[in-house]
Amino acid sequence: MADIEITKVTGRIGARVLGVDLAKPLDEAAVAALREALNTHKALVFDDVDLDDEGQQAFARHFGDLTTAHPTVSSIDGVPHVLPVDSERGRANHWHTDVTFVLNPPQASTLRSLTIPPYGGETLIANAAAAYRDLPEPLRRLADTLWAEHTNDYDYAVPDEDVDDEQAAQRAQFTSITFRTAHPVVRVHPLTGERGLFIGGFAQRIVGLSVGESRKLLDLFQSYVTRPENVLRHRWSENQLVLFDNRITQHYAIDNYDGLPRRLHRVTVAGDIPVGVEGKESWSIEGDAAHYTSVAA
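Conventions and cut-offs
- Residues numbered from 1 in each chain as written.
- Predicted model: local features only at pLDDT ≥ 70, side-chain atom pairs only at ≥ 80, totals over all residues.
- Heavy atoms only, no water.
- UniProt positions renumbered as here; feature names shortened; annotations may be inferred.
- Core = buried A, V, L, I, M, F, W, Y, C linked by side-chain atoms within 4.5 Å.
- Buried < 20%, exposed > 50% of the residue type's maximum accessible area, 1.4 Å probe, protein only.
- Helix = DSSP H or I, 4+ residues; strand = E, 2+ residues; numbered from the N terminus.
- Contact = heavy atoms within 4.5 Å.

Labelled according to an unreviewed UniProt entry, the chain appears under the name Taurine dioxygenase, originating from Streptomyces mangrovisoli. Regarding the chain, the UniProt comment filed under Cofactor (unreviewed entry) reads as follows: "Fe(2+)". Looking at the Sequence similarities (unreviewed entry) heading of the UniProt record, one finds this comment for the chain: "Belongs to the TfdA dioxygenase family."

Structure (structure tokens):
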């Protein structure tokens with residue numbers, strides 16, 4: 001194994017990786033080193049990668065089975081595991097963890113840059129474990145006991161009159177199958193044992209509370225996730241790949257590039273069923289995602 005160099009990008013999240021060629025098969029030692037780095041830093045940045053869609057999938061497979069592109073949104077033509085993250089198809093400018101509305105969301109996501117605007121278009125990635133540690137002890141104790149319902153079927157805070165026909169079609173596709181799943185507000189990471197706030201934009205209601213009560217609590221917990229100290233602001237360059245741990249991060253694509261072209265490709269790795277602090281697993285309320293993902297061991 002070549003010497004892999006890991007350099008922190010911020011104090012709480014993110015590291016840049018040198019000394020590994022993602023276009024070649026990785027040996028077990030290299031994969032173990034990258035997994036350890038991902039566990040520690042939550043997000044890894046690789047510069048000057050020489051990858052196509054096939055190569056990105058091959059790299060992601062080192063960490064487990066792949067999901068298809070998305071439960072409801074279409075993939076790249078002929079490439080069922082690759083999701084185009086394209087400014088022309090919509091913008092994910094809200095804090096979220098990928099696909100938490102299914103029973104077993106992806107464990108990890110890879111994003112590869114193809115077309116980058118000359119300014120703006122950064123991706124924010126937040127450390128949900130650091131956010132949990134930042135909570136005052138009474139709030140940590142409360143969060144440990146709570147469960148939240150995640151769903152893909154909500155209004156995204158955009159009034160219908162502000163949605164054009166293309167956006168309406170995109171929304172209809174996104175919600176063509178309704179998913180609702182109950183997850184712990186505090187998820188225990190299966191590899192590190194760390195506790196992290198497992199919420200984000202798809203978390204719409206606290207189990208047992210009203211919508212209004214839920215919103216206040218979710219907003220309070222979310223404010224700790226998005227504290228600047230917990231966030232990596234990644235400015236994209238061409239031919240970069242970012243790997244982040246979807247079990248203990250949230251991310252946000254900033255819409256600050258004046259409608260210029262921005263295109264990334266996403267490949268995600270199948271995940272396990274989340275577990276709360278008392279060892280209880282998440283449960284599905286509505287929607288079967290078997291066509292999208294297997295359950296990781």
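A. Expanded view of the nonpolar core. In this structure, Leu-22, Leu-34, Leu-44, Phe-46, Phe-59, Leu-241 and Leu-243 are the most contacted members of the largest nonpolar core, which totals 25 residues. Going through the elements one at a time, strand E2 (15-18), helix H1 (28-41), strand E3 (43-46), helix H2 (53-61), strand E13 (241-245) and strand E15 (263-269) are the ones with two or more residues in this core. At five residues, H1 tops the list of elements feeding residues into this core. If we ignore the near neighbours within four places in the chain, the residues touching Phe-59 are Leu-22, Leu-26, Leu-34, Phe-46, Thr-110, Leu-241 and Leu-243. Residues Leu-139, Val-185, Ile-199 and Tyr-224 belong to the second largest nonpolar core, which totals 23 residues.

B. Expanded view of the side chain of Ser-214. Within the fold, Ser-214 resides in helix H6 (residues 211-225). By relative accessible area, which is 0% here, Ser-214 ends up buried. Among all residues touching Ser-214, those that are not within four sequence positions of it are Gln-204, Arg-205, Ile-206 and Leu-209.

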